[in-house]
Amino acid sequence: MDPLITTIIPTYQRPAMLRRAIRSALAQSWTALQVSVYDNAGDPENAAVVASFDDSRVEYFRHSRNLGAFANFQFGLGRVSTPFFSFLADDDILLPDFYATAVAALEKEPTAAFAAMRVVRVDGSGRMLAVDGAGLPAGNYRPPEGLLALVEGGHVNWVGILFRRSALEHVSELDVRTAPSFDLDFELRLAAQSPFVVCDQPGALMVQHEGSSSVEARFSDTWPAFLQIIDNATGGDTVPPAARQRARTVMERELAARLYRIGRAAARQGRVKDADGAAALIATRYGWRGRARLLRVAARVCATVPPTRPALRLALDAYRVVRSRRLRAALGTNYGSRLQA
């Protein structure tokens, strides 16, 4: 049977996690797929990991040099030839019915550019931290309402999204100016122009661990990339003026909050440069001068007196434990067993 879905797995230096990611793709109840691994001139063990599966559905390409994360993702996107595709970071995990559920949803809505499922964020032990897409009711969305739903209700990380290849006629490639958040940009640009479907079930696990980009955002990761994302999502002719203004207002509010969170995290860790960058923007762009002063002072205190950092981290860890228990009680699921490499 010819594959209908391509799983794009860019990888670099995490062979054990790569093994787990490939296994989760091959374990799908929907079996008509191919897994395309793109090795960014990374760990020498990556090739052996791929070869160990001895499955004709797995293909492997190794670059002769490190192209950078963005170029590796774009390379994989450019080689898609199947009717559907998805991106799977090498440290994340697909749940078994992701593809079957998403394909069924897209078959019911032939004009939809993608189907999104909930993404459960977990730590390295499988403890639930949050659920992407929890604020989006299941159903069909059309522009511009779909774009507004994503910016107001919270987008789904693209590990939980199955895209139609035909959607590339509207958004043909990733935008390097939005790196490292080119996944969010790609999703919002499609939603501004095309219908999409949201499914109620969890489709993937996004694993947050030491070294994960989802754990510690830096000032340079957000500014000016997020501003470009706002312009891309709202700048097209398909978005009516009223919807454009509403989306920009919400996204600017999110940018302000994101900058403050980054500044606060940087301050706790004594990273003065990032804290100062965030402080300058929230003061000049949003008028948050009091919060800006607090960030500057806190960053210098934590940089000068490092023993203050562990106490702040302990308080944050305690909050995460409580939050995880609440999520587990709500979902009734523990994903720890799926994190075994």
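Up top is the structure.
Notes on the structure follow. Keep in mind that this is a model prediction, so the values were computed, not measured.

What about the packing of helix H8 (residues 225-234) against helix H9 (residues 241-268)?
To describe two helices that pack against each other, one gives the angle between their axes and the distance between the axes.
Here comes step 1: The geometry of H8 relative to H9 is characterised by a closest axis approach of 10 Å and an angle of 165° between their N-to-C directions. By the angle between their axes, H8 is roughly antiparallel relative to H9. The element H8 and its partner H9 pack so that their crossing is right-handed. Contacts between H8 and H9 involve Phe226, Leu227, Ile229, Ile230, Asp231, Ala233 and Thr234 on the former and, on the latter, Arg244, Ala247, Arg248, Met251, Glu252, Glu254, Leu255 and Arg258.
Here comes step 2: Of the residues that constitute the contact of H8 with H9, the class distribution is 8 nonpolar, 1 polar and 6 charged.

Things to note about helix H6 (residues 182-193)
Here comes step 1: Taking 1.5 Å of rise per residue, 12 residues should cover 16 Å, and H6 covers 17 Å from first to last C-alpha, within 8% of that figure.
Here comes step 2: Where burial is concerned, most of H6 is hidden: 11 out of the 12 residues are buried.
Here comes step 3: Listed as buried for H6 are Phe182, Asp183, Leu184, Asp185, Phe186, Glu187, Leu188, Arg189, Leu190, Ala191 and Ala192.

Some thoughts on the packing of aromatic side chains
Here comes step 1: Evaluation of the coordinates by the stated rule reveals 19 aromatic pairs.
Here comes step 2: Relative to phenylalanine 87, the ring of phenylalanine 73 lies with its centre 5.8 Å away and its plane at 40°, an arrangement referred to as tilted. With phenylalanine 73 in helix H3 (residues 69-78) and phenylalanine 87 in strand S4 (residues 84-87), the pair connects residues that are 14 residues apart, well separated along the chain.
Here comes step 3: Exposure remark for phenylalanine 73: the relative accessible area of 13% places this residue in the buried category.
Here comes step 4: The interplanar angle of 15° and the centroid separation of 3.9 Å between the aromatic rings of phenylalanine 87 and tryptophan 158 together place this pair among those described as stacked. Remark: tryptophan 158 occurs in the loop between helix H5 (145-153) and strand S9 (161-164) and phenylalanine 87 occurs in strand S4; sequence separation between them is 71 residues. Of the two residues, phenylalanine 87 and tryptophan 158, both sit in the buried class.
Here comes step 5: Geometry around phenylalanine 61 places arginine 79 over its ring, the cationic atom sitting 5.1 Å from the centre.
Here comes step 6: Here arginine 291 stacks its cationic end above the ring of tryptophan 288, 4.3 Å away from the centre of that ring.

Cut-offs applied
Residues numbered from 1 in each chain as written. Predicted model: local features only at pLDDT ≥ 70, side-chain atom pairs only at ≥ 80, totals over all residues. Heavy atoms only, no water. Axes fitted to C-alpha atoms, helices over the stretch in contact; angles between N-to-C directions. Helix = DSSP H or I, 4+ residues; strand = E, 2+ residues; numbered from the N terminus. Parallel < 35°, antiparallel > 145°, perpendicular 65-115°, else oblique. Left-handed = near helix turned anticlockwise from the far one by under 90°. Contact = heavy atoms within 4.5 Å. Nonpolar A, V, L, I, M, F, W, Y, C, P; charged D, E, K, R; others polar. Expected span 1.5 Å × (residues − 1). Buried < 20%, exposed > 50% of the residue type's maximum accessible area, 1.4 Å probe, protein only. Phe/Tyr/Trp six-rings, centres within 6.5 Å; stacked < 30°, edge-to-face > 60°. Lys NZ or Arg CZ within 6 Å of the ring centre and 35° of its normal.

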